[in-house]
Amino acid sequence: MTTDKIALVTGANRGLGRAAAIALATRGLRVVVTHRGDPAGAEKTVKQVQAAGGTATALRLDIRDVDSFPSFTSELSEQLERWGASRLDVLVNNAGVGVFGPLEAVTAEDFDAVMGTNVRGTFFLTQAVAPLLAQGGSVINVSTSLTRHTSPATSVYSASKAAVEALSRTLAGELGARGIRVNSIAPGPTATDFNGGAMRDNAEMRQVLAGQTAFGRVGEPEEIGDAIATLATDGLRWVTAQRIEVSGGAFL
Ligand SMILES: NC(=O)c1ccc[n+]([C@@H]2O[C@H](COP(=O)([O-])OP(=O)(O)OC[C@H]3O[C@@H](n4cnc5c(N)ncnc54)[C@H](OP(=O)(O)O)[C@@H]3O)[C@@H](O)[C@H]2O)c1
């Protein structure tokens, strides 16, 4: 029977999810990483966790496919049993999408994709996984700095993450009775594949975004991963219903 804490990180086949999985593992947690159809990416995350001295495994999960959640939670329970555990300690709702465009350009399909992933997926996955969360557990929902400041052509994405933050605060009240914390981490622009990799690969955009931060640059995935993992630790056990921005001081 393991005494290690166990975390589930959605969308951990790349980007911030991978960085969070590695950061959690370096703090001693076992990690279940999910991917929606990229086993090679998920396996790379598992290997990087192992290289850091940790333990991880990968499961498939499309967070838009709410009907699959009962079979997913069964698979998750079986994995916990294989590790000699019955409970999950940390849920990181990281998987998300952005569709960016001005008012006239956003389609109903774009809108539904963003809301269906970021809001509906996050809510119903939390509902499905909540019975498995241990007393003293932690839910961390990934939001964005864009809920505090505005940027052109980001309305639907920002609104979806504002909803995620509202869900987080309310669910902190509901799950607090079981000692479970619910918080959001709000990253600023970070160099991943997100938005076509613009924050990593588009020099002009990087320069503009850098000029909007106190530290004069965009973030690196490890800086968000470390913040997520730190929020999961007992040192922050009295912190719940909070939005913690990790943006290097964007739009102060
Ligand atoms: N990078 C930034 O500047 C930034 C800033 C603020 C907030 N965020 C948020 O941070 C989170 C991670 O973003 P990232 O930067 O790591 O972007 P990314 O590299 O584009 O990764 C997004 C992740 O979400 C997964 N995903 C998307 N839709 C999914 C679905 N229906 N089911 C399961 N997984 C799904 C992706 O899976 P696939 O590989 O299958 O597509 C991928 O693993 C997102 O919630 C994003 O909104 C990012």
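Residues numbered from 1 in each chain as written. Predicted model: local features only at pLDDT ≥ 70, side-chain atom pairs only at ≥ 80, totals over all residues. Heavy atoms only, no water.

- Under the annotation held in an unreviewed UniProt entry, the chain carries the name SDR family oxidoreductase and is attributed to Streptomyces lonarensis.

Details of the nonpolar core
Okay, step 1: Residues Val-9, Leu-24, Val-31, Val-33, Val-92, Ile-185 and Ile-228 are the most contacted members of the largest nonpolar core, which totals 28 residues.
Okay, step 2: Sorting the residues of this core by element identifies strand 1 (6-9), helix 1 (15-26), strand 2 (30-35), helix 2 (39-51), strand 4 (88-93), strand 5 (133-142) and helix 8 (221-232) as the ones contributing at least two each.
Okay, step 3: For Val-31, the residues in contact, after removing those within four places along its chain, are Ala-7, Val-9, Ala-21, Leu-24, Ala-25, Thr-55, Ala-56, Thr-57 and Trp-83.
Okay, step 4: In terms of nonpolar packing, the next biggest core, distinct from the first, is built from 27 residues, Ile-6, Ala-85, Leu-133 and Ala-172 among them. (Core = buried A, V, L, I, M, F, W, Y, C linked by side-chain atoms within 4.5 Å. Buried < 20%, exposed > 50% of the residue type's maximum accessible area, 1.4 Å probe, protein only. Helix = DSSP H or I, 4+ residues; strand = E, 2+ residues; numbered from the N terminus. Contact = heavy atoms within 4.5 Å.)

A word on the packing of helix 6 (residues 194-201) against helix 7 (residues 203-210)
Angle between the axes and distance between the axes are the two parameters that describe a pair of packed helices.
Okay, step 1: Interaxial distance between helix 6 and helix 7 falls to 6 Å at its minimum, and their mutual angle equals 70 degrees. In terms of orientation, helix 6 lies roughly perpendicular with respect to helix 7. For the pair formed by helix 6 and helix 7, the contact residues are Ala-198, Met-199, Arg-200 and Asp-201 on the first element and Ala-203, Met-205, Arg-206 and Leu-209 on the second.
Okay, step 2: Across the contact of helix 6 with helix 7, the residue classes break down as five nonpolar, no polar and three charged. (Axes fitted to C-alpha atoms, helices over the stretch in contact; angles between N-to-C directions. Parallel < 35°, antiparallel > 145°, perpendicular 65-115°, else oblique. Nonpolar A, V, L, I, M, F, W, Y, C, P; charged D, E, K, R; others polar.)

Structural notes on the packing of aromatic side chains
Geometry of an aromatic ring pair is reported as the spacing of the ring centres plus the angle between the planes.
Okay, step 1: For the structure on display, the rule yields four aromatic pairs.
Okay, step 2: Where Phe-100 meets Tyr-157, the ring centres are 5.2 Å apart and the plane angle is 65 degrees; that geometry is what we call edge-to-face. Within this pair, whereas Phe-100 is found in the loop between strand 4 and helix 4 (108-129), its partner Tyr-157 is found in helix 5 (residues 155-176), the two being separated by 57 residues in sequence.
Okay, step 3: For Phe-100, a relative accessible area of 29% puts it in the partly exposed group.
Okay, step 4: Given the relative accessible area of 7%, Tyr-157 is considered buried.
Okay, step 5: Judged by centre distance (5.9 Å) and plane angle (80 degrees), the ring pair of Phe-100 and Phe-194 falls under edge-to-face. Of this pair, Phe-100 sits in the loop between strand 4 and helix 4 while Phe-194 is found in helix 6, placing the two residues 94 residues apart along the sequence.
Okay, step 6: Pairwise contacts between aromatic rings join Phe-100, Tyr-157 and Phe-194 into one cluster. (Phe/Tyr/Trp six-rings, centres within 6.5 Å; stacked < 30°, edge-to-face > 60°.)

Considerations on the side chain of Ser-158
Okay, step 1: Looking at the secondary structure, you find Ser-158 in helix 5.
Okay, step 2: One polar contact links the side chain of Ser-158 to the main-chain carbonyl oxygen of Thr-154, over a distance of 2.8 Å.
Okay, step 3: Ignoring any residue separated from it by four or fewer positions in sequence, one finds Ser-158 in contact with Leu-146 and Thr-147. (Polar contact = N/O pair within 3.5 Å; in protein donor to acceptor, adjacent residues only side chain to side chain.)

Comments concerning the environment of Gly-137
Okay, step 1: Relative to the helices and strands, Gly-137 resides in strand 5.
Okay, step 2: Each C-alpha atom, one on Gly-137 and one on Val-182, is 8.8 Å from the other, the two residues being 45 residues apart in sequence.
Okay, step 3: The residues touching Gly-137, leaving out its near neighbours within four places in the chain, are Asp-89, Gly-179, Ile-180 and Arg-181.

Let's talk about the site of the ligand
Okay, step 1: Near the ligand, the surroundings consist of 28 residues, among which Asn-13, Arg-14, Asn-94, Tyr-157 and Thr-192 are the closest.
Okay, step 2: At 2.8 Å from an oxygen atom of the ligand is found a main-chain nitrogen or oxygen belonging to Thr-190.
Okay, step 3: Separating an oxygen atom of the ligand from a side-chain N or O atom of Thr-192 is a distance of 2.6 Å.
Okay, step 4: In the complex, 94% of the free accessible area of the ligand, which totals 880 Å², lies under the protein chains.
Okay, step 5: Those elements that provide at least two residues to the shell around the ligand are helix 1, helix 5 and helix 6.
Okay, step 6: For the shell around the ligand, the class distribution of residues is eleven nonpolar, eleven polar and six charged. (Near = heavy atom within 4 Å. Areas by Shrake-Rupley, 256 points an atom, 1.4 Å probe, with all protein chains shown as cover.)

Digging into the pattern of salt bridges
Okay, step 1: Considering all chains together, one arrives at eleven salt bridges under this definition.
Okay, step 2: Note that Arg-243 and Glu-165 form a salt bridge whose closest N and O atoms lie 2.9 Å from each other. One end of the pair, Arg-243, is in strand 7 (residues 243-246); the other, Glu-165, is in helix 5, with 78 residues separating them in the sequence.
Okay, step 3: Judged by its relative accessible area of 26%, Arg-243 is partly exposed.
Okay, step 4: Residue classification places Glu-165 among the buried positions, given a relative accessible area of 7%.
Okay, step 5: Look at the salt bridges and you will find they share partners, linking Arg-14, Asp-193, Arg-200 and Asp-201 into a network. (Salt bridge = Lys/Arg side-chain N within 4 Å of Asp/Glu carboxyl O.)

A short note on the packing of helix 4 against helix 5
Okay, step 1: In contact at an axis separation of 9 Å, helix 4 and helix 5 are set at 15 degrees when each is read in the N-to-C sense. As judged from the angle between their axes, helix 4 and helix 5 are roughly parallel. Crossing handedness for the pair helix 4 and helix 5: right-handed. Touching Phe-111, Val-114, Met-115, Asn-118, Val-119, Phe-123 and Thr-126 of helix 4 are Val-156, Tyr-157, Ala-159, Ser-160, Lys-161, Ala-163, Val-164, Leu-167 and Leu-171, all from helix 5. (Left-handed = near helix turned anticlockwise from the far one by under 90°.)

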